[in-house]
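Secondary and tertiary structure notes
Take a look at the letters that make up each chain.
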Amino acid sequence: MPEGEKTVRLIIQGRVQGVSYRWWTVGEATKRGLNGWVRNRRDGSVEALVSGPVAAVDAMIEACRQGPPAARVTELEITVEEVRAETGFRQLPTV
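Residues numbered from 1 in each chain as written. Predicted model: local features only at pLDDT ≥ 70, side-chain atom pairs only at ≥ 80, totals over all residues. Heavy atoms only, no water.

**Focus: the pattern of salt bridges**
- Using the criterion set out here, one finds 11 salt bridges in the structure.
- The shortest N-O distance in the salt bridge between Lys 31 and Glu 28 comes to 3.0 Å. With Lys 31 and Glu 28 both in helix α1 (residues 21-31), this residue pair falls three residues apart, about one helical turn.
- Judged by relative accessible area, which is 14%, Glu 28 ranks as buried.
- A salt bridge links Arg 90 to Glu 86; the shortest N-O distance between them is 3.9 Å. (Salt bridge = Lys/Arg side-chain N within 4 Å of Asp/Glu carboxyl O. Helix = DSSP H or I, 4+ residues; strand = E, 2+ residues; numbered from the N terminus. Buried < 20%, exposed > 50% of the residue type's maximum accessible area, 1.4 Å probe, protein only.)

As structure tokens, this is what we get:
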């Protein structure tokens, strides 16, 4: 991982499916110049891999605590990853 960058895996729980959370995440990450992906999980949570400059990743984490207007985030699990995400930010299929 380059100096000054980090990658985190986020598991977002609460009312986060059916509220445009993935679409919102792609927009927020793109605005911040971040790389990675977001997807729904069959357990009702949303998972995201976010990679980029430390300050931008930290700002994205804070944004994900709220999510889009209709979302109600009850828990945000953060795991630091050692790999860098592919360039760009996109939605992946549900797992």
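**What to know about helix α2 (residues 54-64)**
- Listed as buried for α2 are Ala 56, Val 57, Met 60, Ile 61, Ala 63 and Cys 64. Each buried residue of α2 lies within a common arc of 165° when the element is viewed along its axis, so the set occupies one face.
- Contact partners of the buried residues in α2: β1 (5-15), α1, β3 (46-53) and β4 (72-81). (Arc of directions from axis to C-beta. Contact = heavy atoms within 4.5 Å.)

**Some words on the UniProt feature "active site" (unreviewed entry) in the protein**
- The UniProt record marks Arg 22 and Asn 40 with the feature "active site" (unreviewed entry), using the residue numbering of this structure. These annotated residues cover 19 residues of sequence, and their C-alpha atoms all fall within 7.6 Å of one another, placing them together at a single site.
- Summarising the element assignment, Arg 22 is placed in helix α1.
- Contacts of Arg 22, omitting those with residues within four sequence positions, involve Val 38, Arg 39, Asn 40, Gln 91 and Leu 92.
- Assignment of secondary structure puts Asn 40 in strand β2 (residues 35-40). (UniProt positions renumbered as here; feature names shortened; annotations may be inferred.)

**What about the sheet that holds β2?**
- The mixed open sheet is built from five strands, whose spatial order is β4-β1-β3-β2-β5. Two strands in the sheet have a free side with no partner beyond their single neighbour: β4 and β5 (89-91). Going across the sheet, the axis of each strand differs from the next one's by a mean of 20°, ignoring polarity.
- Each of β1, β2, β3, β4 and β5 touches α1; the most contacted strand, β5, lies at about 175° to it. (Pairing = 2+ DSSP bridges. Axes fitted to C-alpha atoms, helices over the stretch in contact; angles between N-to-C directions.)

**Comments concerning the UniProt feature "domain: Acylphosphatase-like" (unreviewed entry) in the protein**
- According to UniProt, the "domain: Acylphosphatase-like" (unreviewed entry) feature falls on residues 7-93.
- Its end C-alpha atoms 20 Å apart, residues 7-93 is made of 25% helix and 41% strand.

**Some details on unusual backbone geometry**
- The phi dihedral of Ser 20 falls on the positive side, at around 65°, and the residue is not glycine.
- If you trace the backbone, Ser 20 turns up in the loop between β1 and α1.

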